[in-house]
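# Secondary and tertiary structure notes
As a plain string of letters, each chain reads:
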Amino acid sequence: MAKPMFHSDGWPSRARAFALLCTRRFLNVFAWVTLGAGGFLGMLFAAPNRQAILWTRRDTVELFLFLAVGSLLASVVLTWADQWFRGAVKRNARHFIYLLLAAAIIQIVPPRHIYRYLIDDVVYAIALVVGLFLSFWSLRFPRNRLTSRLWSGSRVLFLIPFLLFANLLRFPSLPESPDFSPKNRTAVNPERPPVILFTFDSIAWIHCMDADGRVRADLPALRVLQEQSLDWSRARSPGRCTMVSIPNLIFQRDPSEWNHPEWRDDILRLDPRAFTNGLFSLAKEAGYRTTILGMYLPYTRMLGDLLDQAFVLASYGRFRGTGLPFTPRQNNLVMNILQNVRGPFPERWFRYFPHLRYAERTYNRYYVEMNHAIEARTLSFFGNHLGPGDFVMVEMPVPHWPYVFLPDGSIGPGADYNTHLQYADRVLNGFLNALRQAGLYDASWILFTSDHGQDYTRNAEKNHVPLLIKPPAGTIPARRIDTPIHMWEMGPFFRSVFQGRPAEESAALLPVDESVDSADSGR
């Protein structure tokens, strides 16, 4: 007699049994898949890594679901295969517990603990070879007790994914702001001039200069701006890296007190209004609408209600547009998992491992897309939304490496720091022309600087960055100023500017003692 296909409760018996097997197997598979992604998960527990990719709790949930769905599909395939091969998959899989453990240990143990003894590639290879040897040994002696005990004990690993993700959810979100819809301009004082602060990454002023103190001829936009500006030849950046310099600039903090070179989550506990000389605090106090277009830092969290709107991208990613068949954030998630898988992968094996073969290329592409995106949003904002009573900070990634841009903005071999300087000048020229076309150039205060000097400039000059301040037209003559200026001591100047005081009065709050008229400097 044929066996009944349905129980009394109406469930198909085989389907129910299959579902139960998949569920039981899913928890084990989920644990092993999570351990396989341990390199990336471990990276996320370091605050600077989460800041570099602007990681959020939503990303944690998406990562959890991504690994869970992958584990569920793997469980279904394994269960089906086990039934098809009459239990052979289950009988033989347990013998490979040693190889699984070796692979898991490789992902979990930080490389810094391995470098002390051997090259990490060698350690990884040894671990996998030992795991594979023990697995074949277990297959040769299938009734050994060690394998059975290890396999049974591995069932407790099902707790690992839930514990890891619960811990990741404790960390604060560091959000991007990739969607930028400028708000209607409702400045309290619409008669106040626009104030625009351009910061480009890694410009040492000495590399932009000819012997006569003028900006190089192959940087024409910067040269024109210099001829119309107060030019400090000895401006000192408030930090030797972006993580120090940009926060110290916008909060006007002394770098001798605030100089930690890496992101820490407790930065978010600081009250931005406590820094009463901070640029955004002063701007909001004077009724300005505040905007940031840039990258790298979670400005919306750092500045809170002092920032009205922002377009901010993570400095480290793989995709902004299309790539894998997911959203850009999900594409970056997949690539980060693959890239951080650890194993014996020396450089000569790059072509065999996608996570190594494409890592540099995809990052370079992201860097290009990031520059283009910030440039495009800035041009659009200047042309359609900027007006009196606006304070705007534009933070461009160039000329920082990776070196991919040629002077005309194309991508190709031969790019270096110098071609990036020329490309940055091209971008600046577009910004300034957009202001001219909008009829706002002459009326605006325009500041041009860099977060820090070029990485390979000798130490005595590394933090001498450009500081050009173009006042509203017809107010202050352009000149070079050789008096040192600390860019974290400019709060009184910004307060005066935002309050609409005369340009001469505002400029007098900056060190201007040792100056050279533009005629004397050869301009």
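This structure is a prediction, so every number in the text was calculated from the model and none was measured. (Residues numbered from 1 in each chain as written. Predicted model: local features only at pLDDT ≥ 70, side-chain atom pairs only at ≥ 80, totals over all residues. Heavy atoms only, no water.)

## Things to note about the nonpolar core
Within the largest apolar cluster, 101 residues are counted, with the highest numbers of intra-cluster contacts made by Phe198, Phe200, Trp232, Phe280, Tyr299, Phe382 and Met490. Among the elements that line this core, the one with the most residues is helix H18 (residues 417–437), at 10 residues. Dropping the residues within four chain positions of it, Trp232 is found in contact with Trp205, Val465, Leu467, Ile469, Ile481, Thr483, Ile485, Leu510, Pro511 and Val512. By size, the runner-up hydrophobic cluster in this structure holds 17 residues, among which are Phe26, Ala37, Met43 and Leu168. (Core = buried A, V, L, I, M, F, W, Y, C linked by side-chain atoms within 4.5 Å. Buried < 20%, exposed > 50% of the residue type's maximum accessible area, 1.4 Å probe, protein only. Helix = DSSP H or I, 4+ residues; strand = E, 2+ residues; numbered from the N terminus. Contact = heavy atoms within 4.5 Å.)

## With respect to unusual backbone geometry
In this structure, the amide linkage connecting Val398 to the following residue, Pro399, adopts the cis form with an omega of 5°. In this model, Trp401 is joined to Pro402 through a cis peptide bond whose omega is 10°. Along the chain, the position of Pro402 falls in the loop between strand E6 (390–396) and H18. Positive phi is not limited to glycine here, since Gln252 has a value of about 55°. Secondary-structure assignment places Gln252 in the loop between helix H12 (242–251) and helix H13 (279–285). Even without being a glycine, Tyr296 presents a positive backbone phi close to 85°. Tracing the backbone through its elements, the reader meets Tyr296 in the loop between strand E4 (289–295) and helix H14 (299–303). Exposure remark for Tyr296: the relative accessible area of 18% places this residue in the buried category.

## Details of the packing of helix H11 (residues 220–227) against H18
The interhelical angle for the contact between H11 and H18, taken along N-to-C directions, is 55°, at an axis separation of 7 Å. Viewed along their axes, H11 and H18 adopt a mutual orientation that is oblique. Side by side, H11 and H18 meet where Pro220, Ala221, Leu222, Val224 and Leu225 of the first sit next to Asp425, Leu428, Asn429, Leu432 and Arg436 of the second. In the contact of H11 with H18, the residues fall into seven nonpolar, one polar and two charged. (Axes fitted to C-alpha atoms, helices over the stretch in contact; angles between N-to-C directions. Parallel < 35°, antiparallel > 145°, perpendicular 65-115°, else oblique. Nonpolar A, V, L, I, M, F, W, Y, C, P; charged D, E, K, R; others polar.)

## Focus: the side chain of Gln51
If you trace the backbone, Gln51 turns up in helix H3 (residues 47–52). Residues within four places of Gln51 in sequence aside, it is in contact with Leu174, Met243, Trp263, Tyr296 and Leu297.

## With respect to the confidence of the model for the chain
In the predicted model, the chain carries a mean pLDDT of 86, and 85% of its residues have values of at least 70. Throughout residues 1–8 the model reports pLDDT below 50, and contacts reaching past four residues in sequence, or to other chains, amount to eight contacts. Across residues 518–523 the pLDDT falls below 50, and counting only partners more than four positions away or on other chains, this stretch makes 15 contacts in the model. (pLDDT = per-residue confidence, 0-100.)

## Quick word on the pairing of E6
Of all seven residues that make up E6, seven are buried, and the element is covered over most of its length. Here E6 shows no split at all, with Asp390, Val392, Val394 and Met396 on one side and Phe391, Met393 and Glu395 on the other all buried. Two elements, strand E1 (residues 195–200) and E6, share six bridges in a ladder whose sense is parallel. Residue pairing across strands places Thr199 opposite Glu395, the latter belonging to E6. (Pairing = 2+ DSSP bridges.)

## Considerations on the packing of aromatic side chains
Applying the stated rule across the entire model yields 29 aromatic pairs. Look at Phe391 and Phe498: their rings are 5.2 Å apart centre to centre, the planes differ by 70°, and that puts the pair in the edge-to-face class. Highlighted residues: Phe391 in strand E6 and Phe498 in helix H20 (residues 491–498), separated in sequence by 107 residues. Both rings, one in Phe493 and one in Phe494, keep their centres 5.3 Å apart while their planes meet at 70°; by these two values the pair is edge-to-face. Across the pair, Phe494 and Phe493 agree in class, each one buried. Put simply, the rings of Phe280, Tyr288, Phe391, Trp445, Phe493, Phe494 and Phe498 touch in pairs and so form one group of aromatic residues. The ring of Tyr441 has Arg436 lying over it, and the distance from NZ or CZ to the ring centre is 4.4 Å. (Phe/Tyr/Trp six-rings, centres within 6.5 Å; stacked < 30°, edge-to-face > 60°. Lys NZ or Arg CZ within 6 Å of the ring centre and 35° of its normal.)

## Structural notes on a nonpolar patch on the surface
Nonpolar side chains collect at one region of the surface, where Val122, Ile126, Val130, Phe133 and Leu134 lie side by side and expose about 420 Å² of accessible area between them. Secondary-structure assignment places Leu134 in helix H8 (residues 120–140). By relative accessible area, Leu134 is classed as partly exposed at 30%. (Patch = residues over 30% accessible without salt bridge, like charges linked within 9 Å, V, L, I, M, F, W, Y side chains within 5 Å. Areas by Shrake-Rupley, 256 points an atom, 1.4 Å probe, with all protein chains shown as cover. Salt bridge = Lys/Arg side-chain N within 4 Å of Asp/Glu carboxyl O.)

## Concerning the pattern of salt bridges
Counted under the stated rule, the structure contains 16 salt bridges. A salt bridge links Glu191 to Arg192; its shortest N-O distance comes to 3.9 Å. On the basis of relative accessibility, which here comes to 56%, the residue Glu191 falls in the exposed class. According to the relative accessible area criterion, Arg192 is buried, its value standing at 17%. Between Arg289 and Asp390 there is a salt bridge whose closest N-O contact spans 2.7 Å. With a gap of 101 residues between them, Arg289 in strand E4 and Asp390 in strand E6 connect regions that are remote in the sequence. An identical accessibility class is assigned to Arg289 and Asp390; each is buried. One network of salt bridges, in which partners are shared, links Asp59, Glu176 and Arg329.

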